[in-house]
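Residue strings, one per chain:
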Amino acid sequence: MISITRYYIGTIFLLILQVLHISGDDYTINPDNKSLLIAAGCFWCAEQAFEQYAPGVIEAKSGYAGANGIDNPTYRNHPGHYEVILIEYNPLKTTYKLLVEYAWFNLDPFDGGGQFCDNGFSYLPAIFYANEEERVVAEQVKDDILKEYPNWDVESVVVPLLERPTFWTAEDYHQNYYIENPRDYGFYKERCGRTDRLKDVWGEEEYYCYHDFNLERDCFNGTVVNEDGEEVEIEVNVKNASEEVAGVMPTWAVTLVSIVAAILGCGMILSCTFKYTRKENDKPEIEKEVNDH
């Protein structure tokens, strides 16, 4: 009896461990929603792209993931990890397939050294699948894209399809960066050349098709098909974030310029004050010299 009890306890314990291993992400989604993981370079930009433009996205969390990565990674220490976003989505408003397509149109498929202005393993692109069904869909999306762009050298496309690893949420200051720091974000994205490169790779029309803030030029005429096969109205930008603006300079530069301008302004005022005071003090002596003559 004791042996049987131990057997069942052990079996239950192993099942719990397996569940924890499968769903070991440190971010929990709503039970009614689903999620996927993608790497598309800087997670600030990937987060903004999906939250503002992709249909049915509830949340995009910046973080780290990698099959050979260390536990509890941080921005300063995450060997073996990609910069990724975990995309929580409503399956009644979109599909895994559609969001994988969005991932492709938000990365440079030919950059095997990183993405855009960022280099290194952390910034490499990747599409992750959680099960066999998702793997098949991800493969189909890739095949469809290669058919759509027949002039591409297939060997030059360096976006791997990988089994989904554990997701580790990045530090708080990385979350919603495009909302919390719009000037710095806009400056970084503009100088990084992300938008220009995406237009070069996919074409300007296709770029705006997948980055249409006002849904005036979206690819789907205002509707998408959800995972139940139903046609539903597009819902994007659930956080109601403002349209991005390319910053002329980052916040620290604006602050520095302001300080320098203030110092120069004070210097000019002091100089003018000194000259005026000196002129007033010299008046009696000048008048005396004139009277003596």
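Figured I'd write up the structure that's included with this text. (Residues numbered from 1 in each chain as written. Predicted model: local features only at pLDDT ≥ 70, side-chain atom pairs only at ≥ 80, totals over all residues. Heavy atoms only, no water.)

Now for the nonpolar core. The tendency in soluble globular proteins is for nonpolar side chains to be buried side by side. Of all hydrophobic cores here, the largest spans 55 residues; its most connected members are Ile38, Phe50, Trp104, Ile127 and Trp202. Residue contributions to this core peak at seven residues, all from helix α3 (residues 96-104). If we skip the residues at most four places from it in the chain, Trp202 touches Trp104, Phe105, Leu107, Pro109, Ile145, Tyr149 and Trp152. Counting residues in each nonpolar core, the second largest holds 11 residues, with Ala39, Leu86, Leu124 and Phe128 among its members. (Core = buried A, V, L, I, M, F, W, Y, C linked by side-chain atoms within 4.5 Å. Buried < 20%, exposed > 50% of the residue type's maximum accessible area, 1.4 Å probe, protein only. Helix = DSSP H or I, 4+ residues; strand = E, 2+ residues; numbered from the N terminus. Contact = heavy atoms within 4.5 Å.)

Direction vectors running N to C along helix α2 (residues 43-53) and helix α6 (residues 182-192) enclose 105°, while the axes themselves pass 11 Å from each other. By the angle class used here, α2 and α6 are roughly perpendicular. Of the residues in α6, those in contact with Trp44, Cys45 and Gln48 of α2 are Tyr185, Tyr188 and Lys189. Of the residues that constitute the contact of α2 with α6, the class distribution is four nonpolar, one polar and one charged. (Axes fitted to C-alpha atoms, helices over the stretch in contact; angles between N-to-C directions. Parallel < 35°, antiparallel > 145°, perpendicular 65-115°, else oblique. Nonpolar A, V, L, I, M, F, W, Y, C, P; charged D, E, K, R; others polar.)

As a further point, take the packing of aromatic side chains. Taken as a whole and judged by the stated rule, the model has 15 aromatic pairs. When the ring of Tyr82 is compared with that of Phe121, the centres are 4.8 Å apart and the planes differ by 40°; the resulting orientation is tilted. Remark: Phe121 occurs in the loop between β5 (118-119) and β6 (126-129) and Tyr82 occurs in strand β3 (residues 82-89); sequence separation between them is 39 residues. On the accessibility criterion, Phe121 (42% relative accessible area) is partly exposed. Aromatic side chains Tyr149 and Trp202 sit 5.4 Å apart centroid to centroid with 80° between the ring planes, which places their arrangement in the edge-to-face category. Taken together, the residues span a long stretch of sequence, with Tyr149 in the loop between α4 (132-148) and β7 (161-163) and Trp202 in helix α7 (residues 194-202) at a distance of 53 residues. As far as burial versus exposure is concerned, Tyr149 and Trp202 are alike and both buried. Here the aromatic residues Phe50, Tyr102, Phe105, Phe110, Tyr149, Trp152, Trp202 and Tyr210 are joined through ring pairs into a cluster of three or more. (Phe/Tyr/Trp six-rings, centres within 6.5 Å; stacked < 30°, edge-to-face > 60°.)

Another point: the pairing of β3. Of all eight residues that make up β3, eight are buried, and the element is covered over most of its length. By the alternation rule, side chains of β3 split into Tyr82, Val84, Leu86 and Glu88 and Glu83, Ile85, Ile87 and Tyr89, which are all buried. Pairing of strand β2 (residues 57-65) with β3 involves eight bridges; the strand directions are antiparallel. By the bridge assignment, Tyr64 is partnered in β3 with Glu83. (Pairing = 2+ DSSP bridges.)

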